[in-house]
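Listed here are the chains, written in short residue letters.
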Amino acid sequence: MALLEIDGRVFDVDGDGFLTDPQIWNNEVAELIAKADGIEGMNDKHWSVIKIIRDNFEQHGNAPMIRKICQETGLKLREIYELFPLGPARGACKIAGLPKPDGCV
Amino acid sequence: MKSADNKKRREEALELLNQAENSKLLTNLNACVRCGLCAQSCMYYKALNEPRFIPSAKVDLVSSIYRRYYTVTGKVAPALFGAKSLDQDMEERMVDLLFGACTMCGRCVKHCSIGVDIPFVVRKGREMLAVMDMVPKSLQSTVDAALNTGNNMAIPQEEFVDTIKWMEEELVDEMGDPEARIPLDETDKELFYTLNPREPKFFPLSISAMAKIFYAAGESWTLSSKFYDVTNYGFFNANNGEAAQIAGYLYDEIHKLRGKRLILGECGHGSRAHKWEGPNYLKKGYDFDIITVVELIGEYIRTGKIVLDKTLNSVKHTIHDPCNLVRNGGLVNEIRFIVNRSVSDLIEMSPYGDDNFCCGGGGGSLAMSEYNDRRLKIGKIKADQIAATGAKVVITPCHNCVDQLLQINHTYKLGVTIKTIAEVVADALVIEKRIKD
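Because the structure is a prediction, the values reported are computed rather than measured. (Residues numbered from 1 in each chain as written. Chains lettered and ligands numbered in written order. Predicted model: local features only at pLDDT ≥ 70, side-chain atom pairs only at ≥ 80, totals over all residues. Heavy atoms only, no water.)

(A) Summary view of the overall build of chain B. Regarding its fold elements, chain B presents 20 helices and seven strands. In terms of overall size, chain B behaves like a compact globule, its C-alpha atoms giving a radius of gyration of 23 Å where 437 residues would be expected to give roughly 22 Å. Summarising its shape, the C-alpha atoms of chain B cover approximately 85 × 45 × 35 Å along the three principal directions. Across the 437 residues of chain B, 61% fall into the buried class. Residue pairs in contact within chain B that sit at least 24 positions apart in sequence constitute 80% of those at least 6 positions apart. Looking at chain B as shown, the accessible area adds up to about 17,000 Å², and 51% of this sits on carbon and sulfur atoms. (Helix = DSSP H or I, 4+ residues; strand = E, 2+ residues; numbered from the N terminus. Rg over C-alpha atoms; globule rule 2.2 N^0.38 Å. Buried < 20%, exposed > 50% of the residue type's maximum accessible area, 1.4 Å probe, protein only. Contact = heavy atoms within 4.5 Å. Areas by Shrake-Rupley, 256 points an atom, 1.4 Å probe, with all protein chains shown as cover.)

(B) Region of the structure containing the interface of chain A and chain B. With 27 residues of chain A at the contact, the number on the chain B side is 33 residues. Here chain A packs against chain B, burying approximately 2,600 Å² in sum over the two surfaces, 60% of which is carbon and sulfur. At the boundary of chain A with chain B, the tally comes to three salt bridges. R90(A) is paired through a salt bridge with D403(B); the nearest N and O atoms lie 3.4 Å apart. Run the count over chain A and chain B and you get 14 residue pairs in polar contact (both at pLDDT 80 or more). If you list the elements that add at least two residues to the side of chain A that touches chain B, you get helix 3 (66-73), helix 4 (77-83) and helix 5 (87-95) of chain A. Element by element, the count of residues in the side of chain A that touches chain B is highest for helix 5 of chain A, at five residues. (Buried area = accessible area lost by both parts, 1.4 Å probe. Salt bridge = Lys/Arg side-chain N within 4 Å of Asp/Glu carboxyl O. Polar contact = N/O pair within 3.5 Å; in protein donor to acceptor, adjacent residues only side chain to side chain.)

(C) Region of interest: the sheet that holds strand 5 (residues 317-319) of chain B. Residue and element names in this part refer to chain B. In space, the three strands of this open sheet follow the order 5-6-7, with parallel pairing throughout. Across the chains shown, the open sheet's two edge strands, defined by having one partner strand only, are strand 5 and strand 7 (417-419). Strand-to-strand twist in this sheet, taken as the mean axis angle between neighbours without regard to direction, amounts to 25°. Taken together, the three bridges between strand 6 (residues 393-395) and strand 7 define a ladder with parallel strand orientation. Across the sheet, V393 pairs through a bridge with T417, a residue of strand 7. The strands touched by helix 20 (residues 421-428) within the sheet are strand 6 and strand 7, with strand 7 carrying the most contacts at an inclination of about 95°. (Pairing = 2+ DSSP bridges. Axes fitted to C-alpha atoms, helices over the stretch in contact; angles between N-to-C directions.)

(D) Up close: the packing of helix 2 (residues 23-30) of chain B against helix 4 (residues 55-70) of chain B. Residue and element names in this part refer to chain B. Their axes nearest at 9 Å, the elements helix 2 and helix 4 cross at an angle of 110°. Viewed along their axes, helix 2 and helix 4 adopt a mutual orientation that is roughly perpendicular. The handedness of the crossing between helix 2 and helix 4 comes out as left-handed. Across from L26, N28, L29 and N30 in helix 2, the residues of helix 4 making contact are V59, V62, S63 and Y66. Classifying every residue of the contact of helix 2 with helix 4 gives five nonpolar, three polar and no charged. (Parallel < 35°, antiparallel > 145°, perpendicular 65-115°, else oblique. Left-handed = near helix turned anticlockwise from the far one by under 90°. Nonpolar A, V, L, I, M, F, W, Y, C, P; charged D, E, K, R; others polar.)

(E) Broad picture of the packing of helix 2 of chain B against helix 8 (residues 118-131) of chain B. All names here are of chain B. Where helix 2 contacts helix 8, the two axes come as close as 10 Å, and the packing angle between them is 105°. Relative to helix 8, the element helix 2 is oriented roughly perpendicular. Contacts between helix 2 and helix 8 involve K24, L25, N28 and L29 from the former and F120, V121 and K124 from the latter. Looking at side-chain class alone, the contact of helix 2 with helix 8 contains four nonpolar, one polar and two charged residues.

(F) Structural view of the pattern of salt bridges. Inspection of every chain in the model, using the stated rule, returns 41 salt bridges over all chains. K189(B) serves as the salt-bridge partner of E186(B), at 3.4 Å between the closest nitrogen and oxygen. Look at K189(B) and you get partly exposed, because its relative accessible area is 23%. Of the charged contacts in the structure, one is a salt bridge between E334(B) and R302(B), with a shortest N-O distance of 2.9 Å. Separated by 32 residues along the polypeptide, E334(B) in helix 17 (residues 332-342) and R302(B) in helix 16 (residues 293-302) bring together distant segments of the chain. A relative accessible area of 15% means that E334(B) is categorised as buried. Taken together, the shared-partner salt bridges connect D16(A), R90(A), R198(B), R375(B) and D403(B) into one network.

(G) How the structure looks around the pairing of strand 2 (residues 9-13) of chain A. Residue and element names in this part refer to chain A. As paired strands, strand 1 (residues 2-6) and strand 2 are joined by five bridges and run antiparallel to one another. By the bridge assignment, I6 is partnered in strand 2 with R9. Between strand 1 and strand 2, which pair antiparallel and follow one another directly, the connecting turn spans two residues, one of which, D7, has a positive phi of 50°.

(H) Expanded view of unusual backbone geometry. All names here are of chain B. The omega torsion of the bond from S350 to P351 falls at -10°, within 30 degrees of zero and hence cis. In this structure, P351 sits in the loop between helix 17 and helix 18 (372-389). The phi torsion at R34 lies on the positive side, around 55°, for a residue other than glycine. Mapped onto the elements of the fold, R34 is located in the loop between helix 2 and helix 3 (43-48). Not every positive phi belongs to a glycine, and K283 is a case in point at roughly 60°. Structurally, the position occupied by K283 is in the loop between helix 15 (268-282) and strand 4 (289-292).

Don't take any of this as a statement about function, it's just geometry.
Given below as structure tokens:
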């Protein structure tokens, strides 16, 4: 357990910077986490990815497959890696307020 | 009641060191002469500069317990002979240093004046912690996912199948051949291929790359839709019963599908755990051939099954050597043979090959959020190595390394691209069109 301070707001996060309590997440929190990771100003493409990840988490309790993100946003794989330089897990899932996925990510 | 449980678990942990006939264990517990040569070989000591991170100090945690309970001098005069009790303080230090400050990369072994197998002792300490239920939560959660679902990211079978079908459609488009395939659950194929679950879940470009290579080679191969996971985090949590169960999944599946050769996807620890440790976990030998995909691609190049044009990869590349494939797996030259055929501008890191530094994410540390801060600090050593090469692309045949490199690329603003070996080879492939008019 650690604390992450962004623009005066303090969040409880795990050692990797993922929110400890996914329920405190909202769009403003997403923007703050993105900013801490060097993404200044999320555009529509960023939001379309975040929304699918968040919806999947709320319905199924986990992160969606990258296939679902690509097919539902119409974005190419490489575009997603460019939008989120830390990748779909450490980048996008963290901004969407999910717990860190298991495995080599 | 709880303290009775603790006492029993401690006794079980101590029993792991009570092996008078185990010469490998006794040699490694007794051989360190505290010369200190290992200190500068270790990323943790170099980056964090505290004596507790010196590899010999980690070995001493385990050997001091051995002396306390299993040597006459240690029992009679523990303080005089550096013998320590297994108590709560010791357990906490073991968790912190053996799980939280060792990637089991083995670089210290190469620098040890007498060749103590330090990661072997570290893993023995982890085994003791595992029987006491003291594996860090996030690491155990990755093992549990593999035990319960067959893959360490708990990907449901139907979602995996949908992803493979999607990759297959892309392959058909890219090859311009409606017969291009990514076969699932097919029997009697030459190769049974395996993946790191992070490929289907988040990073499938390496699946497309391998599918292209298999297509170009005209290979007879298949994936299983259920047991395709090449990882075995039981190697890291050091619960040998769990490691055996995970190893058994691939063993049983290749028999079920009657595959002839098990091909280990690009994963350092997975290759080591299945190829070298698997028969020990399972207590039986393999009756099928088992090789890494690196060796398979080398074979394709030598036999002319695939043709490469290295001018297709013309920017400056460098190689990050995964510890479990190179220092602990013998593939230093094979990786270079493939890369030299696939890229036209290669620069080595310093040091490279058997003496290269770990990415900093080995030993299960990438899964352990508890030690994220340390992992990024030691990753600075790798970041500096990469920056010094001036390369634009870092090639590494291990998905765990890829993820750590992605993170240090971001943290230290390196501005490089990280690729697996399959991706680099696929980009250099010269494929004859097989369209039938």
